[in-house]
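# A look at the structure
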Amino acid sequence: MQKNRDPSSYRDPSGYVFYEDGKIYRAINHSYQKNYELFHESGLYDDLVEKKMITSYKEVNKIHQVYKVIQPDLIKFISYPYEWSFNQIKDVALRLLEIQKIALDFGMTLKDATPYNFQFVYNNPVLMDTLSFESYTEGQIWKPYKQFCEMFLSPLLLAKNIECF
């Protein structure tokens, strides 16, 4: 494990965020190699970067006990879902669904559905979790559907109903 690992980067077995020399990096574990390669070889990464739906990054030559290390583009202002307006949460929910639809066209699917994987860059919701994708098998259910309902749909419905009073 990396000594400068971000303490909030503990859930994903596919990789983690760490800091070195004042810069942010993402380590990609060997367990994610097949999905990472599909993400790039399918063209999904390039398509999402071109559409400004995901943060871009560059692979760097860092010697660590992992499959790869990437350096994501720096996002200058970080905000959190509990700070966002109703419309911002709605925009992120719609962007997540849009990305999921595009991913299916490339033989991949999102494996999680949390607003914490997004940031606003020039008022545009952008996915910043590169490791959120996995290969899709025809007919499989969308695994993070429950998480999407809990993290997006329910809060939006609650907020909309509160507005009515």
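The structure reproduced in this document is the subject of the present report. (Residues numbered from 1 in each chain as written. Predicted model: local features only at pLDDT ≥ 70, side-chain atom pairs only at ≥ 80, totals over all residues. Heavy atoms only, no water.)

## Observations regarding the side chain of Thr114
To keep things clear, this is the line we draw: Each helix is a run of H or I in the DSSP string that is no shorter than four residues. Each strand is a run of E no shorter than two, and both are numbered from the N terminus. With a 1.4 Å probe rolled over the protein chains alone, any residue whose accessible area is under 20% of its type maximum counts as buried; one over 50% counts as exposed, and the rest are partly exposed. Only heavy atoms matter for contacts: two residues are in contact if any of them lie within 4.5 Å across the pair.
Inspection of the secondary structure assignment puts Thr114 in the loop between strand 5 (108-110) and strand 6 (118-121). Judged by relative accessible area, which is 11%, Thr114 ranks as buried. Those residues within four positions of Thr114 in sequence are excluded, and the remaining contacts are Leu96, Gln147, Met151 and Phe152.

## Quick look at the sheet that holds strand 2 (residues 23-28)
This is how it is decided: By the convention used here, strands pair only if DSSP detects at least 2 bridges between them. Axis definition: a line fit to C-alpha positions, over the contact stretch in the case of helices; interaxial angles, taken between N-to-C directions, run 0 to 180 degrees.
Taken in spatial order, the 4 strands of this open sheet run 1-2-4-3, and their pairing is antiparallel. Because the sheet does not close on itself, it has two edges, and the strands there are strand 1 (15-20) and strand 3 (57-60). Sheet twist, expressed as the average angle between the axes of neighbouring strands with direction ignored, equals 35°. Examined bridge by bridge, strand 2 and strand 4 (residues 68-72) share 3 bridges and lie antiparallel to one another. Bridged to Ile28 within strand 4 is Lys68. Packed on one face of the sheet, helix 1 (residues 33-41) meets strand 2, strand 3 and strand 4 and runs near 130° to strand 3.

## Topic: the pattern of salt bridges
Side chains bearing opposite charge may pair, as long as their charged atoms lie close to each other. The test is simple: By salt bridge we mean one thing: a side-chain nitrogen of Lys or Arg within 4 Å of a carboxyl oxygen of Asp or Glu.
Counting across every chain of the model gives 8 salt bridges. A salt bridge links Asp47 to Lys51; the nearest nitrogen and oxygen atoms lie 3.0 Å apart. When the shortest N-O distance is used, the salt bridge between Arg95 and Glu98 registers 3.3 Å. Remark: Glu98 and Arg95 occur in helix 3 (residues 86-105); sequence separation between them is 3 residues, near one turn of the helix. Here the residues in one salt-bridge network are Asp12, Arg26, Lys111 and Asp129, joined through shared partners.

## A look at unusual backbone geometry
Positive phi values are uncommon outside glycine, yet Lys52 reaches one of about 55°. By secondary structure assignment, the location of Lys52 is in the loop between helix 2 (44-50) and strand 3. Of note in the backbone geometry, Tyr122 takes a positive phi value of approximately 50° without being a glycine. Taking relative accessible area as the criterion, Tyr122 reaches 83% and is therefore assigned exposed.

## Considering a nonpolar patch on the surface
Which entries qualify depends on this criterion: Here, patches come from residues exposed beyond 30% relative accessible area and free of salt bridges, joined within 9 Å for like charges and within 5 Å for nonpolar side chains (Val, Leu, Ile, Met, Phe, Trp, Tyr). Each accessible area is a Shrake-Rupley result for a 1.4 Å probe, and residues are judged covered by the shown protein chains and nothing else.
A contiguous nonpolar surface patch, about 440 Å² in accessible area, is contributed by Ile78, Tyr80, Tyr82 and Tyr116. Residue position: Ile78 is located in the loop between strand 4 and helix 3. Given the relative accessible area of 37%, Ile78 is considered partly exposed.

## Observations regarding the layout of surface pockets
Definition in use: Space inside and on the surface of the protein is sampled on a 1 Å grid over the protein atoms alone, with a cavity defined as a set of points where a 1.4 Å probe fits but cannot get out and a pocket as an open set with protein on both sides within 12 Å along at least 5 of 7 lines; lining residues have an atom within 4 Å of a point. Grid points are joined across faces, edges and corners, and a volume is the space filled by probe spheres set on the points. Put simply, Ala, Val, Leu, Ile, Met, Phe, Trp, Tyr, Cys and Pro go in the nonpolar bin, Asp, Glu, Lys and Arg in the charged bin, and everything else, Gly too, in the polar bin.
In this structure, the largest pocket occupies an estimated 1200 Å³ of space. If you go around the largest pocket, you meet 36 residues; those closest to its centre are Ser8, Val17, Tyr116, Asn117 and Met128. When residues of the lining of the largest pocket are traced back to their parent elements, those giving at least two are strand 1, strand 2, strand 4, strand 6 and helix 4 (145-163). A breakdown of the residues in the lining of the largest pocket according to their chemical character gives 18 nonpolar, 10 polar and 8 charged. Size it by volume and the second largest pocket reaches roughly 370 Å³. Lining of the second largest pocket is provided by 15 residues; of these, Leu74, Ile75, Val121, Tyr122 and Val126 occupy positions nearest its centre. Looking at the lining of the second largest pocket, the elements with two or more residues in it are strand 6 and strand 7 (124-127). Taken together, the residues of the lining of the second largest pocket sort by class into 9 nonpolar, 3 polar and 3 charged.

## A closer look at helix 1
What counts here: Think of it as the arc spanned by the lines of direction from the helix axis to the C-beta atoms.
Among the residues making up helix 1, those that are buried are Asn35, Tyr36 and Phe39. For helix 1, the arc enclosing every buried residue in end-on projection is 100°, short of the 170-degree limit, so these residues lie on one face. Relative to its buried face, helix 1 has exposed residues pointing more than 90 degrees away, namely Lys34 and Glu41. Its buried side turned inward, helix 1 meets strand 2, helix 2, strand 3, strand 4, strand 5 and strand 8 (133-135). Backbone geometry just after helix 1 places Gly43 at a positive phi near 95°.

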